[in-house]
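Summary of structural features
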Amino acid sequence: MTNKKNSKQKKVKSPYHKQRIVAKILIVIVSLGLIVTTAFSVYAFGVIKKAPELYVEDFIQPESTKIYDSNNNEIYDTGLKIRENITYDDLPQSLIDAFVAVEDSRFFSHNGFDVPRFTKAAIENLLSSLRKGRISFGQGGSTFTMQLIKNTHFMYEDPTTGEVVMPEGGVKGIDRKIQEIYLSQKLEKSQLLSKELIFELY
C-alpha cells in the first residue's frame, strides 16, 4: 500500500513566484504614479493658462513724490509708500551675499525655480502636516524671482485704504504657487530682466 504522504506531491513554488508578486506591486505603483502625474499635469496646465502676462513696466515700482522749495531743498516726501529706488551697483556686496545665503543660495545659477530647495520645503511641509494633523505650508521654497512675481502680480494696494492686500495662502494658494513657478522660469528664460535687476527689484 502506497503511503498517502508519499503519494501526495508537494506543491513546489516556482523560484519566480516572489518576483512576479514584486513585479505586480511595482506595476500598480507605477500605474498610480502615472495617473497622479497625468492628473496633476492637466490641472497645472489649466492653471498656467490663466497666468498673467509679463511686462517690464509691471516690475518697476515708482518712487514716492518729493516736493522741493525754491532753493531745491527737499521739504516733503509723500506717497502710499516712501520709496527711493537704488541700483544693484549701489548695494554693498556684503548685503547681497547675506540675502543670497539666507533666502536663495542658488539664485545666480538656477532658472527661476530651485528644485532642490522647493523639494526640501515640500518634504518639511509634509512632515509638519503629519505632526500637526492638518495641512501646513510653513516652508515656501520660493526663489527671489518667485517672490518678485508674487509681490508685483499677486499683491496689490487697496486704492481706498492704501493697505497691501496679501494673496491667499495654504491650499487656496496652490494655484498661485504653480503660476509663480511657471512665470519665474518664463521671466528668466526670456531674459526680460537680468539676475541683477531681479535682485535689485526684489
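These figures come from a predicted structure and were not determined experimentally. (Residues numbered from 1 in each chain as written. Predicted model: local features only at pLDDT ≥ 70, side-chain atom pairs only at ≥ 80, totals over all residues. Heavy atoms only, no water.)

Topic: the packing of aromatic side chains
For the structure shown, the criterion picks out nine aromatic pairs. Ring geometry for Phe107 and Phe199: centres 6.3 Å apart, planes at 50°, overall tilted. One end of the pair, Phe107, is in the loop between α4 (93-103) and α5 (115-132); the other, Phe199, is in helix α8 (residues 195-201), and 92 residues separate them in sequence. A relative accessible area of 0% means that Phe107 is categorised as buried. When its relative accessible area of 6% is taken as the criterion, Phe199 is described as buried. Looking at Lys195, its charged tip hangs above the ring of Phe107, at a distance of 4.6 Å from the centre. (Phe/Tyr/Trp six-rings, centres within 6.5 Å; stacked < 30°, edge-to-face > 60°. Helix = DSSP H or I, 4+ residues; strand = E, 2+ residues; numbered from the N terminus. Buried < 20%, exposed > 50% of the residue type's maximum accessible area, 1.4 Å probe, protein only. Lys NZ or Arg CZ within 6 Å of the ring centre and 35° of its normal.)

Some words on unusual backbone geometry
In this structure, Gln191 takes a positive phi of about 55° despite not being glycine. Within the fold, Gln191 resides in the loop between α7 (174-190) and α8.

Comments concerning the packing of helix α6 (residues 144-153) against α7
One way to put it is that α6 packs onto α7 with a least axis distance of 9 Å and a crossing angle of 115°. It follows from the interaxial angle that α6 and α7 lie roughly perpendicular. The hand of the α6/α7 crossing is right-handed. Mapping the contact onto sequence places Thr145, Met146, Ile149 and Lys150 in α6 and Arg176, Lys177, Glu180, Ile181, Leu183, Ser184, Leu187 and Glu188 in α7. Within the contact of α6 with α7, the residues separate by chemical class into five nonpolar, two polar and five charged. (Axes fitted to C-alpha atoms, helices over the stretch in contact; angles between N-to-C directions. Parallel < 35°, antiparallel > 145°, perpendicular 65-115°, else oblique. Left-handed = near helix turned anticlockwise from the far one by under 90°. Contact = heavy atoms within 4.5 Å. Nonpolar A, V, L, I, M, F, W, Y, C, P; charged D, E, K, R; others polar.)

Take it as geometry only, folks, not as evidence of what the structure does.
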